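Chain by chain, the residues:
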Amino acid sequence: MLNSIEKSRKCHGKVDCHSTSSQSSVTGSLPKRRQDLLKWNGWGYKDTEFILNEKLQVELTGTRYKLSGMVLPLLKDWMLNNFNVNLDYVRPAQPEFSAADLPSPVINKPFLEDLQTSGLEHSLDCHDRLFRAHGHTLNEIWALREGSFNRIPDLVAWPTSQVEVMQMVQLANKHNVVIIPFGGGTSVTQALECPSTETRMIISLDTSQMHKILWLDEENLTACLESGVTGKEIEQRLASRGFCLGHEPDSYEFSTLGGWVATRASGMKKNIYGNIEDLVVLVRTVTTRGLLEKSCNAPRTSSGPDLHHAILGSEGTLGVVTEVVVKIRPLPECQKYGSVVFPCFQDGVSCLREVARQRCAPASIRLVDNEQFVFGKNTFVVLMCGYCAICFFLLYCCAF
């Protein structure tokens with residue numbers, strides 16, 4: 001099976017990205033020690049946060065975003081007026097956990113011995129384990145900042161290829177060890193939480209080191225990517241070749257292709273580019289019985305049940321997604337952003353219904369009420385309160 005996969009990467013019309021020196025030297029945006037780059041008890045980068053500067057104005061720190069370093073002079077007053085925040089009340093989050101604060105790892109010694117012999121990279125570090133014990137629901141972030149976890153993964157492993165995932169799954173199957181696949185960690189379904197009643201050893205299988213584009217077919221507009229590549233990486237690398245995927249969930253900066261498949265993700269530009277199920281051509285999934293994939297690398301067949309619909313949305317319960325063939329598009333020649341003002345909310349709803357009826361929706365379209373619009377306007381120096389108080393906005397993005 002693996003030989004046939006390697007051969008398929010060299011077929012006519014496909015650019016074999018895996019073998020190029022530039023591809024092999026590319027590093028993913030998610031390091032193994034994510035806690036060195038990202039907040040251990042919140043969302044996003046450690047160097048990026050909202051603060052009150054010396055003038056008691058809100059400012060975004062860091063240099064990663066267009067708003068970074070900018071002062072938002074009106075945001076504080078908006079927060080005070082709408083949420084009744086008391087700036088004099090300060091309650092820092094609890095300090096970072098130490099090994100003594102966390103559950104001790106459950107060790108399956110025969111498994112660990114075989115794992116060490118295999119050479120597969122892994123860690124028993126308590127902070128590596130904690131970072132992969134949760135997603136980003138409010139309950140999970142609250143537990144990090146104010147509470148505790150009864151159970152966390154006992155070991156973290158970093159496969160670098162589909163072959164290594166197969167080795168890991170075979171070892172886990174042999175020794176009755178639990179595997180929880182881990183992509184970007186942005187899950188909001190609590191699927192990454194370890195059951196407190198689980199007595200077996202739990203492995204967090206981190207796919208972040210599987211981030212290559214294996215091949216790109218410029219004739220058929222498809223590409224094969226490893227499952228650990230993030231949405232931001234996908235768009236950057238495809239754009240360098242003149243293409244795009246167009247799947248942009250809110251978490252696309254950190255979430256991964258494998259996670260999109262496992263959660264049946266939807267994106268903000270789905271009107272044009274589709275949801276993840278519309279973009280998938282082929283999914284390769286490592287299960288306890290071996291590699292699961294369709295025999296035909298085509299967008300659609302009429303010969304029986306579609307295995308993809310079993311994997312899409314399975315949340316890692318049926319196996320580990322390792323490689324995905326997706327549909328790609330040439331980069332749009334033009335992108336336009338705009339807004340339409342309505343005198344009342346119902347008029348905006350009626351407009352959306354007509355857009356849907358005529359099937360003329362742009363890539364992204366969103367009806368925003370007054371509260372959301374005022375909040376957005378507070379990122380600018382000038383706020384036209386009298387104007388926006390009677391208006392509703394329809395925001396849209398078109399790609400041509």
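Here's a quick rundown of the structure.

Cut-offs applied
Every chain is numbered independently, its residues counted from 1 as its sequence is written. Thresholds applied to this predicted model are a pLDDT of at least 70 for local features of residues and 80 or more for the giving and counting of side-chain atom pairs; totals over whole chains, interfaces and linings are not thresholded and use all residues. Computation of side-chain values covers all heavy atoms of the structure but excludes hydrogens and water. Strands here mean DSSP runs of E at least two residues long; helices mean DSSP runs of H or I at least four residues long; both are numbered from the N terminus. Accessible area is worked out with a 1.4 Å probe on protein chains only. A residue is then buried under 20% of its type maximum, exposed over 50%, and partly exposed in between. Only heavy atoms matter for contacts: two residues are in contact if any of them lie within 4.5 Å across the pair. For every accessible area listed, the method is Shrake-Rupley and the probe measures 1.4 Å; residues are considered covered only by the protein chains on display. Strand pairing is assigned whenever DSSP identifies at least 2 bridges connecting the two strands. Among buried residues, the Ala, Val, Leu, Ile, Met, Phe, Trp, Tyr and Cys ones that are joined through side-chain atoms within 4.5 Å form a nonpolar core. Paired rings are identified among Phe, Tyr and Trp, the last through its six-membered ring, by centres lying within 6.5 Å, and are further divided according to the angle between planes into stacked (under 30 degrees), edge-to-face (over 60) and tilted (the rest). Only when the NZ of Lys or the CZ of Arg is both within 6 Å of the ring centre and within 35 degrees of the ring normal is a charge said to sit over the ring. Axes, fitted as lines to C-alpha atoms, cover a helix only where it is in contact. Angles between the N-to-C directions of the axes lie from 0 to 180 degrees. Should an angle fall under 35 degrees it is taken as roughly parallel, and over 145 as roughly antiparallel, whereas 65 to 115 is taken as roughly perpendicular and any remaining angle as oblique. Two helices that cross are described as forming a left-handed crossing if the nearer one is turned anticlockwise from the farther one by less than a right angle, and a right-handed crossing if clockwise. In this count, Pro and Cys sit with the nonpolar residues alongside Ala, Val, Leu, Ile, Met, Phe, Trp and Tyr, while Asp, Glu, Lys and Arg are called charged and the others, Gly among them, polar. Here, a salt bridge means any Lys or Arg side-chain nitrogen found within 4 Å of an Asp or Glu carboxyl oxygen.

Our focus in this paragraph is the overall build of the protein. Of the regular secondary structure elements, the protein holds 15 helices and 18 strands. The proportion of buried residues among the 400 residues of the protein is 45%. Sequence separation of at least 24 residues holds for 71% of the intrachain contacts in the protein that already meet a minimum separation of 6. For the protein, the exposed surface amounts to about 20,900 Å²; the carbon and sulfur share of it is 54%.

Attention now moves to the sheet that holds strand β2 (residues 50-52). Read across the sheet, three strands follow the order β2-β3-β4 without closing on themselves; strand pairing throughout is antiparallel. If you trace the sheet from one side to the other, it starts and ends with β2 and β4 (71-72), each paired once.

On to the nonpolar core. One broad trend across soluble globular proteins is that nonpolar side chains are buried collectively. Of all hydrophobic cores here, the largest spans 24 residues; its most connected members are L225, I234, L238, L257, V261 and V324. Among the secondary structure elements, those contributing two or more residues to this core are β9 (213-217), β10 (222-226), α8 (231-239), α9 (257-263), α11 (276-279), β12 (280-287) and β14 (320-327). Counting residues in hydrophobic clusters, the runner-up holds 20 residues, among them L112, A172, I203 and V286.

This structure, assessed with the given rule, holds five aromatic pairs. Ring centres of W43 and F254 lie 5.5 Å apart, and the angle between their planes is 85 degrees; on these two criteria the pair is classed as edge-to-face. Placement of the pair is W43 in the loop between α2 (21-25) and β2 and F254 in the loop between β11 (243-244) and α9, with a sequence separation of 211 residues. By way of ring pairs, the aromatic residues W43, Y45 and F254 are connected into one cluster. Geometry around Y45 places R64 over its ring, the cationic atom sitting 3.8 Å from the centre. Its guanidinium or amino end placed over the ring of F182, R132 lies 5.8 Å from that ring's centre, counting from NZ or CZ.

This paragraph deals with the packing of helix α4 (residues 109-118) against helix α7 (residues 162-175). Where α4 contacts α7, the two axes come as close as 10 Å, and the packing angle between them is 160 degrees. When the axis of α4 is compared with that of α7, the two are roughly antiparallel. Here α4 runs over α7; the crossing is right-handed. On α7, the residues that touch P110, F111, D114, L115 and S118 of α4 are M168, L171, A172, K174 and H175. Its residues assigned to classes, the contact of α4 with α7 comprises six nonpolar, two polar and two charged.

In the structure shown here, the tally under the stated rule is 18 salt bridges. Between D47 and R64 there is a salt bridge, with its nearest N and O atoms 3.0 Å apart. Of this pair, D47 sits in the loop between α2 and β2 while R64 sits in the loop between β3 (58-60) and β4, and the two are 17 residues apart along the sequence. The partner of E323 in a salt bridge is R284, with the nearest N and O atoms 2.9 Å apart. Residue E323 is found in strand β14, and its partner R284 is found in strand β12; the two are separated by 39 residues along the sequence. Taking relative accessible area as the criterion, E323 reaches 4% and is therefore assigned buried. Classification of R284 as buried rests on a relative accessible area of 5%. Salt bridges sharing common partners tie together R33, D36, D125 and D128.

Once that is clear, we can look at the environment of E235. For E235, the location among the structural elements is in helix α8. On the basis of relative accessible area, E235 is assigned to the buried category, the value being 13%. For the pair E235 and G246, spaced eleven residues apart in sequence, the C-alpha to C-alpha distance is 7.7 Å. Every residue in contact with E235, bar those within four places of it in the chain, is listed here: C244, L245, G246, H247 and Y252.

This part covers the sheet that holds β14. Ordered in space as β1-β9-β10-β14-β12-β13, the six strands form an open sheet in which the pairing is antiparallel. Two strands bound the open sheet, and with one partner strand each, they are β1 (14-15) and β13 (290-292). Summarising the sheet, β12 and β14 pair through six bridges and their orientation is antiparallel. Considered in β14, the bridge of V286 is made with V320. Docked against the sheet, α7 engages β12, β13 and β14, running at close to 35 degrees with respect to β12.

Moving on, we get to the packing of helix α3 (residues 75-83) against helix α14 (residues 370-377). The packing of two helices is summarised by the inter-axis angle and the distance between the axes. It is at 9 Å that the axes of α3 and α14 come closest, and there the two elements cross at 150 degrees. Relative to α14, the element α3 is oriented roughly antiparallel. Each of L75, W78 and N82 in α3 lies in contact with α14, whose residues at this interface are E371, V374 and F375. A class-by-class count of the residues in the contact of α3 with α14 yields four nonpolar, one polar and one charged.

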